Amino acid sequence: MAAFKLPQGDAAETQTARGCHSKGTRGAAEVPLGVAERAVALFERLKQLEGIAAASMKSDLQVAR
């Protein structure tokens, strides 16, 4: 949000502000992307566990997936 408060008077200031906007947007998008990547990895591990888990745990693993 601080990037939106930067001055945009001349061309150099405008370019700096745009760079900060891009950097902030990328940083904001990286967090949910990381969460999604970890969720996919967890999903695959839970699938692997179904083959070796006790019968009483299979429904718990299915719910977790």
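A short tour of the structure in this document, coming up. (Residues numbered from 1 in each chain as written. Predicted model: local features only at pLDDT ≥ 70, side-chain atom pairs only at ≥ 80, totals over all residues. Heavy atoms only, no water.)

## Remarks on the overall build of the protein chain
Quick note on the threshold: Note on conventions: DSSP H or I runs of at least 4 residues are helices, E runs of at least 2 residues are strands, and numbering of each starts at the N terminus. Using a 1.4 Å probe, accessible areas were evaluated by the Shrake-Rupley method; residue-level cover was limited to the displayed protein chains.
Scanning the protein chain from N- to C-terminus turns up 2 helices and 0 strands. Taken as a whole, the protein chain presents about 5500 Å² of accessible surface, with 61% of it coming from carbon and sulfur.

## Thoughts on the pattern of salt bridges
The cut-off we apply is this: The rule for a salt bridge is simple: a side-chain nitrogen of Lys or Arg has to be within 4 Å of a carboxyl oxygen of Asp or Glu. For every residue, the accessible area (1.4 Å probe, protein chains only) is compared with the maximum for its type, and the residue is labelled buried under 20%, exposed over 50%, or partly exposed between those bounds.
A full pass over the atoms with the stated rule returns 1 salt bridge. One salt bridge in this structure joins Glu-50 and Arg-65, with 3.3 Å as the shortest N-O distance. A residue pair is termed long-range when its members are at least 10 positions apart, and Glu-50 in helix H1 (residues 11-50) and Arg-65 in the segment after helix H2 (58-64) qualify at 15 residues. A residue is classified by how much of its surface remains accessible, and Arg-65, at 34% relative accessible area, is partly exposed.

## A look at the environment of Leu-49
Within the secondary structure, Leu-49 sits in helix H1. Accessibility expressed as a relative area gives 39% for Leu-49, which makes it partly exposed. The sequence separation of Leu-49 and Leu-61 amounts to 12 residues, and the corresponding C-alpha distance is 7.8 Å.

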